Each structure stands twice: as C-alpha cells, then as structure tokens.
Amino acid sequence: MPKGARPAAARQEEWRGEGEGQEQPVKKGRKDRRGKKSFFEELAEDEKPAPSEAPPPPEKEAQPPQASRRKRERRKERRRPGAEPEAEEEELSRRLRELAAASEEEEEEEGEAEGSPPHTPSSSSSSQPRASPAPMEGALGWGCSSMNKFSALGDEEEEEEEAEERQKGDEAVSEEEEEAGRKAEPDARVSKKEKKKLKKQLEYERQVATMKAAAAGENDFSVSQAELSSRQAMLENASDIKLEKFSISAHGKELFVNADLYIVAGRRYGLVGPNGKGKTTLLKHIANRALSIPPNIDVLLCEQEVVADDTPAVQAVLRADTKRLRLLEEEKRLQALLEGGDDGAAERLEKVYEELRVIGAAAAEAKARRILAGLGFNPEMQNRATRKFSGGWRMRVSLARALFMEPTLLMLDEPTNHLDLNAVIWLNNYLQTWKKTLLVVSHDQGFLDDVCTDIIHLDAQRLFYYRGNYMTFKKMYQQKQKELLKQFEKQEKKLRDLKAGGKSTKQAEKQTKEALSPRKQQKCRRKTAAEEAAEAPELLKRPREYTVRFTFPNPPPLSPPILGLHGVDFGYEGQELLFRNLDFGIDMDSRICIVGPNGVGKSTLLLLLTGQLTPTRGEMRRNHRLKVGFFNQQAAEQLRLEETAAEYLQRGFNLPHQDARKCLGRFGLEGHAHTLQIAKLSGGQKARVVFAELACREPDVLILDEPTNNLDIESIDALADAINEYRGAVIVVSHDARLITETACQLWVVEERGLSQIDGDFDDYKREVLEALGEVVISRPRD
C-alpha cells in the first residue's frame, strides 16, 4: 500500500465522525484546511456508501530512518523562536516534573484506548491538546540581547501533534522505543539536544543571578554575553579568562559591542584607549562578576579608600589577609586547650603551624611595612590611625592592602594618580616582579613600558591585543592603521569602478560586501538571525586616528630675572616651617621640574611663586609685565559649573562664539561638549577647558601642578610637544616620568626645608630613590 494511503471504509468512518460534530485535531500548517474537504471526502459524498463497521486499522509499517529524521527536523523548525528562558531553577525543575507526569498519564490513556474503536467517545478525550506551560520569561530582562535567550521547553502545537500521532498509532518503531526509554527516565521527555540546552541554561541562570545582584546598584548599565559553549562550561577551574561576544552599555550609550576578553594567567596587561570609552566600566564589571569569570579566580579592583577609624595603617594592611587571621586565632585557641591538658589538640596545632609556614605568616608584617614604606609612609605614619590621614593617603593604604593580598587577578585603575614621583618609581619597580595576573589602566606611558607584557587596546567598541609593552604597541598600531587605509582605498576604487560600469550605489555596495563575506559555509546547519546579523560583512570605514594638539602662544621676550623668591621662610600656622631662607629664580629659558615626596612643600612652592601665599619672611619679586598661567589640581573645580565651556571662554576673554569653540577644539575637547554645562563634563574634559583658558591668557610663564591627571596618553604627548614648542618659562610638578624626560626639564628636589638642583638625569634620580628604600633596581630594556 502506498505511504499515507488508507482504506475506503476508514475514510467513510472519518467522514461520518466529522458529520457527528466531533472535532479532529489539525496538524500545524494545515489549519487553513479545516473548512475544506479533500478529494477523497468529496468522492465519498458522491458515492454515499451504506454504513458499515470499519475494520480495525492495519498496523503501520515502521517509517524509514530518513522519514523520522525529516519529521524531527520539521518539529524543530516549527518551534517558536521568541521563547525565553525561566529566571529560577526551581521553576525549571517543577516544569520538568509536570512534563514527566503528563507523559505518564498520556501513556496510560493510550494503553486503555488501544482496544477501542478509533472514534469512540472514550478515546476522543485523549485527542484534546494538553495544556502547555507558559512561555519562559527572559532571565536577563535588564538590557540583555537576543543571543542570551533560550528556546522554550515545549511547544503547544508540537505537543498536539505528538498526542495525535500516539493516539492513531502513527509513531515509527524507533519512536516507540524512545517512549519505552521515557518511562524509565522521567527527564527523558525532552531530546538529547534539549537536555544539553537545559544544562547550559542552568549554568546561564547562575550567572544571571550574580549579574542581577551586581547590577542592583548600577541600573544605568546593561550587559549581555553569548551563552557559554560546552567547552567553557567544563573549564570552571580554568586559570585563564576567555569571554566572547559580550556587550556593555551605559546611560544608553554602547561601550562594548560583541567584544572578546582574553586574559592569560601570569601576564601583565595594560588597558589603553581614549578617555570616556569604557575602560573603568570594564574593570568594574569584571570585579562585580557581571561577566562570566571562572569561580576559582579571585578578583580585586583597588578603587576605594580604607575605612577611617582608629586602626593603624600597618594593621589595616595585615587584616586584609583573612586566612592568616583565622589561622592565628585558631593557634591561640589550640594553645589554650593544650595548656588546659587537652592533648588531642596537638595534632591539629601542628597542621596549623604548617599552614602558617606555607603562607609566610612570620614575614607578613615585614612585607606590609615594606609596601607602605615604598608608597611613602615613614615609620611614624605606618603606626598612625587611618582616620588621621587624608583621602589620598587612605587610598595609598588601600593600594598597599591590594599588593599585600596578591589576588589571582589584580586590577588597578590609574594607580599613579594619588602617588608622588617617588612612590610611582617604587611601584613601577615592584610590579615588574609581579608573578600573578595584572590588569592596569594608566596614562603613564613610562609605567606601561616598564610593567606591562601585553597591551589591550579599546577601539571601535572592541578589544584588540598586542604582545609587548606600550612602545611596541604604538609601532604595531601605526602599521595596522596604514594597512587599513590601503584596504579602504582599494574598496573605494572598486566601488567607483562598479558605479562606472552601470551599477547603482546599492548594487555596488552589495557586491562589495559579498566579496568581503567568508566563502566557507557550514553545511547542514541553519544559522539563527542573530548569527547572520553578527556575520554580515560591513564596508570598511576610513580609519580615524585619534590625535590631540595643544598649543600655547609664544610670549614676547622679557629681561631676566622674571620671577624669584629671595630669603623666604614659610610655614602653615601651628606647623613647622616648610622652607627656611629659600632663594630661587627663573628666566624665560627655564625648564624646571620640582620633585620630592608628598608633604615636603612642592605645591606650596608654586603657590608662593604665583603670589597666592605670602612668605612669613623674605619676598617674592616679579617683572611688572609678567603674566603667569597657573594650572593646579583644583583649577578645574573653580570653573563656573553652570556655564558651558564655550560661554566660559566668551565671557572671560570677549571672544566670538566660533573662536571660543576653535580654542576648545585645539585642546581635544569634542564638539558636543562645547555646549554642555561644565558641571556635566568629566575630569579630563574640565582639564582641557582649563588649558584652553591658559592659552587665551597668553602667559609668559607656565606653572603646572600635576597637569597629567585625568589626561590620556595622547593628550600627555600633545602637552609635552606644546611645552617643547613654547618659548616662555615652564615650572612643572609631575609624577609622569615621560613628561619629565620628553621636555628635558632640569630636576630640582625639595628637601631639608630648601630647594637644590640634582646632578644627573631622571634615571639617576630613580636609582637614588630605590636605593634609599633598600630596593633592588630592576632595569628592563625598552624596544
């Protein structure tokens, strides 16, 4: 008998059943045929045979494997793509139990109906579609992309079809064997692929729970990540981090789109990129585990000050090692038991001693004091309560805690911002021997050159990886930009040729995109819409190099000396003198960098030179035509925050609107920020407004106090170039080694209540600082 053919009597009985008002289940895709009659039904009406008892339907032969495979593929294709996953594991387990129970009930009903006529009332009840569970809700409803959505466990129409096929005896032999297996295993109601997907979903939901907890205080951020591959799910104990295709947006602005993060254990990474592109955001999401970090990797981001209380600084560092504290407390308890006559505690005490020896507990305090000393704490300060320190010094205690704990992955965000030059020199030297994984964001190119083994470049919302330090990266990146420019020009030439050959712009772009698409395609696999969208080729865009150029107008010549301090004593009220009998002067050719540890009076010296502080004894002398341009760390906060940057320059210097915007643009302030209130600008953007104001003042001497804070590397390079081109005098206080060396500044050190010039260059000063701390100088050759 041909496949799908049925006896005439069965067709007549089927026709009679429909006439009696019995509703027949309709397969998906055939709903439009409810009101139509097939050719055989019309033929039966014409013949009008006499009623007769229908013979039992013959047993259907087993379908060939190919037919059952096609059937499974059709069922898979008919699944709804919009179904989303449940948010809780308990709900998932409950629904699996319901599915297993419903399957057993259907099998019992099917067994009772096997001996009855095909269309008796008792058997018609089993043909009613079973209630389908509600579609699964998205577990990541706060900004997740579609790639994180899972298909639903069951489909209503699919279950109707399966119930009908089981009732009529149309299942193949292979499917009957599967039914037998389902009785033995309740969870085998779903296929192997669905089981695998459910397993992945459980892992996914655990990550979601962590992500939601991390996002509770950061509702302005949204994160999405591609579901873990089966290989990744197995590597829970991996020491490396491999995150593929994650996206992060902040305040509606996309920062990362389908980016990949690869961090190899034991490497020291520098994360670089322009200001405001998401470097700090990425570190925070890694620290909060909003991204899928292997659970065995302990992550620490140093970003908060220690609590201000009566705890001494050295104890605040030691208490960061909770394992050491726990073992020491257990040691005291076991010793007390031994003294009380409990000999059973001796064995455990020996194990505690061994654990303390392994973690180096005996040398912990010496290690903590070494770190604090390197960061600028003298012995008295190490024993001082943390509440007596300023915010900057408490930040140093926090950094010391992080270095003392030695986490698997240590992340530092601009660690040199709160440090003076001496502390930066020590930290640079210390991290060169760091054995664990390090991820650092810094604008100090010298620091990145010495410390980093790899560079991660944030560009075009993605991450790109380069082996070597920052100088090596810079060379490779420039070469890459040249190659991209060549490819772009080649693409543009092809588009012009296609248009000249009669193609429209749309056709030419389509043909060019097809040439860019990968030629190898996977066979026997349907790609989802998300995969197709991700793999869709895009036309190359002209590479835009991020460039910043600072310029200061050259002043007219002035006869020396133009500015000086003569016989000056100064000290703040109630404190010891910072300077005694100080003599210091500059002329128009001076290039001076003031160095020394924090607290010796570097910033105070600059305030004396500008006239903002009056000497206790002695005097400050200056040329009557001298104009001083002063930049300090508080200058950005003294701007009129309610004004826009363009309005601020227009009011202060009576400039036309376009001239004010040109001046801001020369210092790297983006066009959209010109008309924003200064209060809404970032720290780096405010610094650019202050530099633009300095240029408008046309100063004869530039006095700069930590000008590199909040500037990116490109802006620091631009500042160094501007200082070299400037013909006036320059006095700088900076912790940025590259700015000091690039501008060829003479080093003057503040010590012993006076100011003296250093014999030698910056490397000589660096060696002197490290030797004073008892450190071994590590010199790393630069490319």
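Calculation criteria
Residues numbered from 1 in each chain as written. Predicted model: local features only at pLDDT ≥ 70, side-chain atom pairs only at ≥ 80, totals over all residues. Heavy atoms only, no water. Helix = DSSP H or I, 4+ residues; strand = E, 2+ residues; numbered from the N terminus. Buried < 20%, exposed > 50% of the residue type's maximum accessible area, 1.4 Å probe, protein only. Contact = heavy atoms within 4.5 Å. Areas by Shrake-Rupley, 256 points an atom, 1.4 Å probe, with all protein chains shown as cover. Patch = residues over 30% accessible without salt bridge, like charges linked within 9 Å, V, L, I, M, F, W, Y side chains within 5 Å. Salt bridge = Lys/Arg side-chain N within 4 Å of Asp/Glu carboxyl O. Lys, Arg positive; Asp, Glu negative; His and termini not counted. Charge placed at Lys NZ, Arg CZ, Asp CG, Glu CD. Phe/Tyr/Trp six-rings, centres within 6.5 Å; stacked < 30°, edge-to-face > 60°. Pairing = 2+ DSSP bridges.

### Quick notes on the overall build of the protein chain
Right, so step 1: Per the secondary structure count, the protein chain includes 28 helices and 18 strands.
Right, so step 2: Split into buried and exposed, the 783 residues of the protein chain put 43% on the buried side.
Right, so step 3: Excluding contacts between residues fewer than 6 apart, the proportion of contacts in the protein chain whose partners are at least 24 apart in sequence is 72%.
Right, so step 4: Total accessible area computed for the protein chain in this model is approximately 43,100 Å², and 48% of it derives from carbon and sulfur atoms.

### Looking at a negative patch on the surface
Right, so step 1: Taken together, the side chains of E751, E752, E768 and E771 make up a negatively charged region of the molecular surface.
Right, so step 2: If you trace the backbone, E768 turns up in helix α28 (residues 762-772).
Right, so step 3: Exposure remark for E768: the relative accessible area of 49% places this residue in the partly exposed category.

### Here we look at the environment of K494
Right, so step 1: By the element assignment, K494 lies in helix α19 (residues 470-500).
Right, so step 2: Residue class for K494 comes out partly exposed when judged on its relative accessible area of 35%.
Right, so step 3: Note: C-alpha distance between K494 and A508 (14 residues apart in sequence) is 8.5 Å.

### Considering the packing of aromatic side chains
Right, so step 1: Applying the stated rule across the entire model yields 16 aromatic pairs.
Right, so step 2: For the ring pair F552 and F667, a centre distance of 5.9 Å and an interplane angle of 55 degrees mean the geometry is tilted. One end of the pair, F552, is in the loop between α21 (529-535) and β10 (563-570); the other, F667, is in the loop between α24 (657-666) and α25 (683-697), with 115 residues separating them in the sequence.
Right, so step 3: Judged by relative accessible area, F667 falls into the buried class, the value being 0%.
Right, so step 4: Arranged with centres 4.7 Å apart and planes meeting at 5 degrees, the rings of F631 and F691 form a pair that is stacked.

### Things to note about the environment of P379
Right, so step 1: For P379, the position within the fold is in helix α15 (residues 379-382).
Right, so step 2: Residue P379 is classed as exposed on the basis of its relative accessible area, which comes to 59%.
Right, so step 3: Separated by ten residues in the primary sequence, P379 and R369 have C-alpha atoms spaced 8.3 Å apart.

### Points about the pattern of salt bridges
Right, so step 1: What the rule picks out here adds up to 25 salt bridges.
Right, so step 2: Between R621 and E619 there is a salt bridge; the shortest N-O distance is 2.6 Å.
Right, so step 3: Here E619 falls in the partly exposed class, since its relative accessible area comes to 35%.
Right, so step 4: A salt bridge links E693 to R697, with the nearest nitrogen and oxygen atoms 2.6 Å apart. Here E693 and its partner R697 are both found in helix α25, four residues apart, which amounts to about one turn of the helix.
Right, so step 5: R697 sits in the partly exposed class, given a relative accessible area of 42%.
Right, so step 6: In the salt-bridge network here, residues are joined through shared partners; they are E330, R333, R348 and E355.

### Observations concerning the pairing of strand β8 (residues 454-459)
Right, so step 1: Burial runs high along β8: five of the six residues are buried.
Right, so step 2: For strand β4 (residues 268-272) and β8, the ladder comprises four bridges, and the chain directions are parallel. Looking at β8, one finds that G270 is bridged to I455.
Right, so step 3: Pairing geometry for β8 and strand β9 (residues 462-467), over six bridges, is antiparallel. Across the sheet, residue I456 finds its bridge partner in β9, namely Y465.
Right, so step 4: If you look at the hairpin formed by β8 and β9, you'll find two residues sitting between the two strands, and A460 has a positive phi there, around 55 degrees.

### Observations regarding the environment of A400
Right, so step 1: One can find A400 in helix α16 (residues 391-405).
Right, so step 2: By relative accessible area, which is 0% here, A400 ends up buried.
Right, so step 3: What A400 contacts, discounting residues up to four positions off in sequence, is V317, I371, L372 and L375.

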